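If you want the building blocks of each chain, they are given just below.
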Amino acid sequence: MPPVSPDSGPPGPPAPPLSLAQVEATARAAHAGQTDKAGRPYAEHLRAVAEGVRRRGGDDEQIAAAWLHDAVEDDALTERWLDEAPLSRRTKDIVLALTKRAGEPPEAYAARILATPGARLVKEADLAHNADPARLAVLDEATRTRLAEKYTRMRALLGQE
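Summarised in this report is the structure supplied together with it.

1. A look at the packing of helix α3 (residues 60–68) against helix α5 (residues 89–98)
Helix packing for two helices is described by the angle between their axes and how far apart those axes are.
Here is step 1 of the chain: Two elements in contact, α3 and α5, have axes separated by 9 Å at closest approach and are oriented at 40 degrees. The angle between α3 and α5 places the two elements in the oblique class. Crossing of α3 against α5: the hand is right-handed. Each of Glu 61, Gln 62, Ala 64, Ala 65 and Leu 68 in α3 lies in contact with α5, whose residues at this interface are Arg 90, Thr 91, Ile 94 and Val 95.
Here is step 2 of the chain: In terms of residue class, the contact of α3 with α5 is made up of 5 nonpolar, 2 polar and 2 charged.

2. A closer look at the environment of Ala 43
Here is step 1 of the chain: Here Ala 43 lies in helix α2 (residues 42–55).
Here is step 2 of the chain: Residues Ala 43 and Gly 33 lie 10 residues apart in sequence; the distance between their C-alpha atoms is 9.2 Å.
Here is step 3 of the chain: Not counting chain neighbours up to four residues away, the residues in contact with Ala 43 comprise Arg 28 and Trp 67.

3. Considerations on the side chain of Gln 62
Here is step 1 of the chain: Counting through the fold element by element, Gln 62 comes out in helix α3.
Here is step 2 of the chain: Residue Gln 62 is classed as buried on the basis of its relative accessible area, which comes to 6%.
Here is step 3 of the chain: Ignoring anything within four residues of it in the chain, the contact list for Gln 62 reads Val 53, Arg 90, Ile 94, Gly 118, Leu 121 and Val 122.

4. What to know about unusual backbone geometry
Here is step 1 of the chain: Although it is not a glycine, Asp 75 sits at a positive phi angle of roughly 60 degrees.
Here is step 2 of the chain: For Asp 75, the position within the fold is in the loop between α3 and α4 (79–84).
Here is step 3 of the chain: With relative accessibility at 70%, the residue Asp 75 sits in the exposed group.

5. Overview of the packing of α5 against helix α6 (residues 106–115)
Here is step 1 of the chain: The geometry of α5 relative to α6 is characterised by a closest axis approach of 8 Å and an angle of 165 degrees between their N-to-C directions. The angle between α5 and α6 falls in the class roughly antiparallel. Like other packed secondary-structure pairs, α5 and α6 cross with a definite hand, here left-handed. Mapping the contact onto sequence places Leu 96, Ala 97 and Leu 98 in α5 and Tyr 109, Arg 112 and Ile 113 in α6.

6. Points about the layout of surface pockets
Here is step 1 of the chain: The volume enclosed by the largest pocket comes to roughly 540 Å³.
Here is step 2 of the chain: Around the largest pocket, the lining comprises 28 residues; the ones closest to its centre are Lys 37, Lys 100, Asn 130, Lys 150 and Tyr 151.
Here is step 3 of the chain: The element that contributes the greatest number of residues to the lining of the largest pocket is helix α9 (residues 141–157), accounting for 5 residues.

7. Some thoughts on the side chain of Thr 116
Here is step 1 of the chain: Note that Thr 116 resides in the loop between α6 and α7 (119–130).
Here is step 2 of the chain: Every residue in contact with Thr 116, bar those within four places of it in the chain, is listed here: Asp 93, Ile 94 and Ala 97.

8. Concerning α2
Here is step 1 of the chain: Between its terminal C-alpha atoms α2 stretches 20 Å, which fits the 20 Å expected from 14 residues at 1.5 Å a residue.
Here is step 2 of the chain: Within α2 the residues assigned to the buried category are Tyr 42, Ala 43, His 45, Leu 46, Ala 48, Val 49, Ala 50, Gly 52 and Val 53.
Here is step 3 of the chain: Just beyond α2, the residue with positive phi is Gly 57, at close to 90 degrees.

Analysis parameters
Residues numbered from 1 in each chain as written. Predicted model: local features only at pLDDT ≥ 70, side-chain atom pairs only at ≥ 80, totals over all residues. Heavy atoms only, no water. Axes fitted to C-alpha atoms, helices over the stretch in contact; angles between N-to-C directions. Helix = DSSP H or I, 4+ residues; strand = E, 2+ residues; numbered from the N terminus. Parallel < 35°, antiparallel > 145°, perpendicular 65-115°, else oblique. Left-handed = near helix turned anticlockwise from the far one by under 90°. Contact = heavy atoms within 4.5 Å. Nonpolar A, V, L, I, M, F, W, Y, C, P; charged D, E, K, R; others polar. Buried < 20%, exposed > 50% of the residue type's maximum accessible area, 1.4 Å probe, protein only. 1 Å grid on protein atoms, 1.4 Å probe; cavity = no way out; pocket = protein on both sides within 12 Å on 5 of 7 lines; lining within 4 Å. Points joined across faces, edges and corners; volume = space filled by probe spheres on them. Expected span 1.5 Å × (residues − 1).

Any functional reading would require information that these geometric values do not contain.
What follows is the structure, given as structure tokens:
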């Protein structure tokens, strides 16, 4: 066993888990100043996904993951932050499952989501908001068509079509 310095004692109790309000505040702060493809504040998308998870019967761990679902992918928060955050293992696993990796084929991404308990529901809410016709309507036709095809393919890979 390594020697213990006089200033270090046994580790303290683990931090209490972040509340949903704290997770929301963290996500909003992490994405502050970011906008979506339509130029809207990115936090609007996060709120819509979290509400979509709630409406679909998701639990608090899934709602927390919805608030954080793009944080690591968008470099708003680091993977280390996520690993050390006082969140449930399930919430962390869902966030990591939803974090796309550079060069990753959609089939591998979908397989990881399907293999992670609770992740499919969060991705379903994400896709629903991304594919909202009112949200897509403000984009140019080429972007709208490309994204609609991308979202349709992902829904099919997740068995949502």
